[in-house]
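# Coordinate analysis (summary)
Listed below are the residues making up each chain.
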Number of protein chains: 2
Amino acid sequence: MTTTAQRFALASRPVGEPSRDNFRLEKIEVPEPAPGQVLLRARYLSLDPYVRGRISGVRSYAEPTPIGSAPPGDAVSVVIKSQDPSLSVGDVVLADTGWQTYALAEARAVRKLDPAIAPVTTALGVLGMPGLTAYSGLLTIGRPVPGETVVVAAATGPVGSLVGQLAKIKGARAVGIAGGPEKTEYLRSTLGFDAAVDHRAADFADQLAAATPGGIDVYFENVGGAVFNAVFPLLNTYARVPVCGLVSGYNDTEPRWSLPSDLMRQVLSKSLTIRGFIVFEFWVQQFDRFQAEVGEWIREGKVRYREDVVDGFETIPDAFRGLLRGENFGKLIVRVSD
Amino acid sequence: MTTTAQRFALASRPVGEPSRDNFRLEKIEVPEPAPGQVLLRARYLSLDPYVRGRISGVRSYAEPTPIGSAPPGDAVSVVIKSQDPSLSVGDVVLADTGWQTYALAEARAVRKLDPAIAPVTTALGVLGMPGLTAYSGLLTIGRPVPGETVVVAAATGPVGSLVGQLAKIKGARAVGIAGGPEKTEYLRSTLGFDAAVDHRAADFADQLAAATPGGIDVYFENVGGAVFNAVFPLLNTYARVPVCGLVSGYNDTEPRWSLPSDLMRQVLSKSLTIRGFIVFEFWVQQFDRFQAEVGEWIREGKVRYREDVVDGFETIPDAFRGLLRGENFGKLIVRVSD
């Protein structure tokens, strides 16, 4: 058994696109759990866009990652040592252990996973934080009704793909935005979106308008920037815009996109709702229902998901950089160990 | 009895601040009501900021006023002739008759007023469209809870003054923004606002921050522009921004104020809600309850209102111009006849 652990420590704060130099691979000793704690070995680590905000040093809804610490990230992990009666060696759990191969966690802060519900990696995607983001944001804020049109960007990602499929389940029309023909084809043929538009196309805004002939009733915002500007004029009266992310701007060092100059006028004249949210707002009230419902839909084949699994702890910085460029196709997961 | 009527016709569309030349005073013949109609003589005409949008020629939530027609406006009117059994000569009614001394109206489109509830002019202000705007926007969208801070601008106007008083009734802290010391003093001493800030002060943004030490939970937006920019950084997590108007920009010929460049980032990281609305959204469901509740609060002295009544039909264009500059002090009403 390994007695040294690896971790990526934040060496410096990225300016613009993160570089490999922003992260330093370190060997550390595997620590010993204190009473109430467990020692975890990471099997699958989740990489998510929100991490870009945490390493930027700007205080947002959460404290930034300190220089010298590992960036945050949920991991499906195995209990190696336990100092708490609630968990046993060999248990598979979910914990925010960050970018390291071994980590201590408080037993009460980890969630035991049941492989009978679904493959454990789904706890990082469709049945985890991204999935609940889609579920709560669409159903609690977006509230599509049958016949309405729901538009979502980054639509092959773990949030967007569930947003579109939930929209269909609720009887709405789902229009997805993604980068490149392979992804748009996947949205149409595999996920059953009614239409899919490539945001890299020169006539993207025209294609989006053509794909939404009745306007847009819900725009699930997770990218911002040029996509938002193309969506905005197409919003219908009483349209809802849940805002869960703005990934297109996370690497920006200064504002690259202006907001529509008539944004507030349109908010007024069209009675629009723009509503930001962080998924933890809904966690306690909705997680169990979400897991039960979406888990059932997965087993029935009504909801599909796609994972993009890359191998090896050392790949994390490059995989993360690719995530911010939209290079992943499905939920990005790093296989750290088996 | 007069047999000629007067009206102001829209002669040309204003560019920037309306001029007197945009309106043409005309003499017209008093028309005869057809079956189902009544002939009305205006007693009190309401002047409201939304009219600026209607005469601009830009289609918003309503069709623009055609050139040659009278701008819109509710008036407390007397029935002079009736061709409908539901209304009798001498009845006092509310109708959107526009800027004219006599008008025909469909009997089913007018609302009979009961002077026993409150003085009939309140149907133009605190118990009418502006009052319901405050009531619905604050209570349905803003939803202040005890201890929260509610900020409203144009706070001595018919919308803002009720917003602040309703906030107090709901146990929240009310902070008003108005132009000049006479108005801010009125907010504090007569209406019982907890604080009032003069937006003309050079250090307005600092004064506003000092008046909201716990941040802002509800900003009732009816002015936009510089006030919004000062309010925005003070919004708390989960703050709500009902948007019923943007009067500071209604005369702008091009965007004069930029939105905060990090607007969407703040919406996301603070889980803000920005929600436009037009009062008619809530009319059917809420008007009766609003009239009963606020009517009772007026009779109990819990809600006060102030009217700024100017005399004479000919004063309309100047009074309207003053309204857009914030020169009125209270609900602006033109006394057309007795």
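Residues numbered from 1 in each chain as written. Chains lettered and ligands numbered in written order. Predicted model: local features only at pLDDT ≥ 70, side-chain atom pairs only at ≥ 80, totals over all residues.

### Comments concerning the overall build of chain A
Inclusion rule: Put simply, DSSP H or I for four residues or longer makes a helix, DSSP E for two residues or longer makes a strand, and each gets a number counted from the N terminus. Our radius of gyration looks at C-alpha atoms and nothing else; its globule reference is 2.2 Å times the residue count to the power 0.38. Here exposure depends only on C-beta density: within 10 Å of a residue's C-beta, 20 or more other C-beta atoms make it buried, 12 or fewer make it exposed, and intermediate numbers make it partly exposed, the C-beta atoms being placed from the backbone. Throughout, a residue-residue contact means that the two C-beta atoms, derived from backbone geometry, are no farther apart than 7 Å.
Broken down by element type, chain A carries nine helices and 15 strands. By the compact-globule yardstick of 20 Å for 338 residues, chain A fits well, its C-alpha radius of gyration being 20 Å. By the burial criterion, 49% of the 338 residues in chain A qualify as buried. Intrachain contacts of chain A at a sequence separation of at least 6 include 64% that bridge at least 24 residues.

### Digging into the relation of the copies chain B and chain A
A rotation about some axis, followed by a shift along it, carries one copy of the chain onto the other. Which entries qualify depends on this criterion: The copies are overlaid by a least-squares fit using only the C-alpha atoms of residues whose pLDDT is at least 70 in both copies.
With an RMSD of 0.0 Å, chain B superimposes on chain A once it is rotated by 180° and translated 0.0 Å along the axis. In symmetry terms, the pair is related by a two-fold rotation axis. Proximity to the rotation axis, assessed at the C-alpha, singles out Ile274(B) in chain B; its C-alpha lies 2.5 Å from the axis. Comparing contact sets, 100% of the residues at the interface of chain B also lie at the interface in chain A, consistent with an isologous, same-surface contact.

### Details of the sheet that holds strand E11 (residues 216-220) of chain A
Heads up, the rule is: What makes two strands pair is DSSP finding at least two bridges between them. Lines fitted to C-alpha atoms define the axes here, with helix axes fitted over just the stretch in contact, and angles between the N-to-C directions of these axes take values from 0 to 180 degrees.
Strand order across the open sheet formed by twelve strands is E10(A)-E9(A)-E8(A)-E11(A)-E12(A)-E13(A)-E13(B)-E12(B)-E11(B)-E8(B)-E9(B)-E10(B), with mixed pairing between neighbours. Of all the strands in the sheet, the pair left with one neighbour each is strand E10 (195-198) of chain A together with strand E10 (195-198) of chain B. Taking each pair of neighbouring strands and ignoring which way they run, the sheet shows an average axis angle of 15°. Bridge count for strand E8 (residues 149-152) of chain A against strand E9 (residues 173-178) of chain A is four bridges, and the pairing is parallel. Bridge assignment links Thr149(A) to a residue of E9(A), and that residue is Arg173(A).

### Considerations on the nonpolar core
Where we set the bar: Nonpolar cores are built from buried Ala, Val, Leu, Ile, Met, Phe, Trp, Tyr and Cys residues. These are joined into a set through C-beta atoms within 7 Å.
The biggest cluster of nonpolar side chains holds 202 residues, and the ones touching the most others in it are Leu40(A), Val163(A), Leu40(B) and Val163(B). Leave out the neighbours within four places in its chain, and Val163(B) touches Ala134(B), Leu138(B), Val150(B), Val152(B) and Phe220(B).

### Things to note about the domain arrangement of chain A
Buried accessible area, meaning the area lost when the parts come together, often serves as the stated size of an interface. All names here are of chain A. For clarity, the cut-off: As used throughout, domain bounds are those supplied by an automatic or database domain assignment.
Here the domain parsing of chain A yields domain 1 (4-125 + 306-335) and domain 2 (129-276). Inter-centroid distance (C-alpha atoms) of domain 1 to domain 2 is 29 Å. Counting residues at the interface gives 14 residues for domain 1, matched by 13 residues for domain 2.

### Some words on the interface of chain B and chain A
With 25 residues of chain B at the contact, the number on the chain A side is 25 residues. The set of elements that each furnish at least two residues to the side of chain B that touches chain A consists of helix H7 (263-269) and strand E13 (273-276) of chain B. Here the element with the most residues in the side of chain B that touches chain A is H7(B); it accounts for six residues. Alignment of strand E13 (residues 273-276) of chain A against E13(B), held across three bridges, turns out to be antiparallel. Along E13(B), the bridge assignment pairs Ile274(A) with Ile274(B).

### Observations concerning the packing of helix H2 (residues 129-142) of chain B against helix H3 (residues 158-169) of chain B
Working note: a packed helix pair is described by the angle between its axes plus the distance between those axes. All names here are of chain B. What counts, and what does not: Oblique is the label for any angle not under 35 degrees, not over 145, and not in the 65 to 115 range, which are roughly parallel, roughly antiparallel and roughly perpendicular in turn. Throughout, a crossing is termed right-handed when the near helix is turned clockwise from the far one, and left-handed when it is turned anticlockwise from it by less than a right angle. Three classes are used: nonpolar for Ala, Val, Leu, Ile, Met, Phe, Trp, Tyr, Cys and Pro, charged for Asp, Glu, Lys and Arg, and polar for all others, with Gly counted as polar.
At a minimum axis separation of 8 Å, H2 and H3 run at an interaxial angle of 40°. In terms of orientation, H2 and H3 fall into the oblique class. When you trace H2 past H3, the crossing you get is right-handed. Contacts from Pro130, Gly131, Thr133, Ala134, Tyr135, Leu138 and Leu139 of H2 reach H3 at Pro158, Val159, Leu162, Val163, Leu166 and Ala167. Classifying every residue of the contact of H2 with H3 gives eleven nonpolar, two polar and no charged.

### Considerations on the pairing of E9(A)
Residue and element names in this part refer to chain A. Definition in use: With the strands pointing away from the viewer, any crossover whose connection runs clockwise from the first strand over the helix to the second is right-handed.
Counting buried positions along E9 yields six of six residues, so the element is predominantly enclosed. The alternating pattern of E9 places Arg173, Val175 and Ile177 and Ala174, Gly176 and Ala178 on opposite faces, both of which are buried. For the handedness criterion, the β-α-β arrangement of E8, helix H3 (residues 158-169) and E9 is classed as right-handed. Two elements, E9 and E10, share four bridges in a ladder whose sense is parallel. If you follow valine 175 over to E10, its bridge partner there is alanine 195. In terms of handedness, the path from E9 via helix H4 (residues 181-189) over to E10 forms a crossover that is right-handed.

### Details of unusual backbone geometry
With a phi close to 70°, Tyr238(A) is a non-glycine residue in the positive phi region. Positionally, Tyr238(A) belongs in strand E12 (residues 235-243). On the basis of neighbour count, Tyr238(A) is assigned to the partly exposed category, with 14 C-beta atoms found within 10 Å. The residue Ser271(B) is not glycine, and still its phi comes out positive at about 50°. In this fold, Ser271(B) is placed in the loop between H7 and E13. For Ser271(B), a count of 19 C-beta atoms within 10 Å translates into the label partly exposed.

### Things to note about the environment of Asp217(B)
Residues and elements named next belong to chain B. For aspartate 217, the location among the structural elements is in strand E11 (residues 216-220). Residue aspartate 217 is classed as buried on the basis of its C-beta count, with 24 C-beta atoms lying within 10 Å. In sequence terms aspartate 217 and valine 151 are 66 residues apart; their C-alpha atoms lie 8.1 Å from each other. Setting aside its immediate chain neighbours within four residues, aspartate 217 contacts Pro144, Glu148, Thr149, Val150, Asn236 and Ala239.

### Brief notes about the packing of helix H2 (residues 129-142) of chain A against helix H8 (residues 280-299) of chain A
All names here are of chain A. Axis separation between H2 and H8 bottoms out at 10 Å; the angle between their running directions is 105°. As judged from the angle between their axes, H2 and H8 are roughly perpendicular. Here H2 contributes Gly131, Leu132, Tyr135, Ser136 and Thr140 to the contact with H8, which in turn contributes Phe282, Trp283, Gln286, Phe287, Phe290 and Val294. Of the residues belonging to the contact of H2 with H8, the class tally is seven nonpolar, four polar and no charged.

### Some remarks on the confidence of the model for chain A
Close inspection of predicted coordinates is inappropriate in any region flagged by low pLDDT. What counts is decided by this rule: pLDDT expresses how confident the predictor is about each individual residue, on a scale running from 0 to 100.
Across chain A, pLDDT averages 95, with 99% of residues at or above 70. Interface confidence in the predicted complex, given as ipTM, is 0.92; pTM for the same model is 0.93.

### So, H2(A)
In terms of residue burial, H2(A) counts as a mostly covered element, since 13 of its 14 residues are buried. Immediately downstream of H2(A), the backbone of Arg143(A) shows phi near 45°, a positive value.

### Side note on the pairing of E8(A)
Residues and elements named next belong to chain A. Both faces of E8 are covered, namely the face carrying Thr149 and Val151 and the face carrying Val150 and Val152. Both E8 and E11 contribute to a ladder of three bridges, which runs parallel. What sits directly across from valine 152, in E11, is phenylalanine 220.

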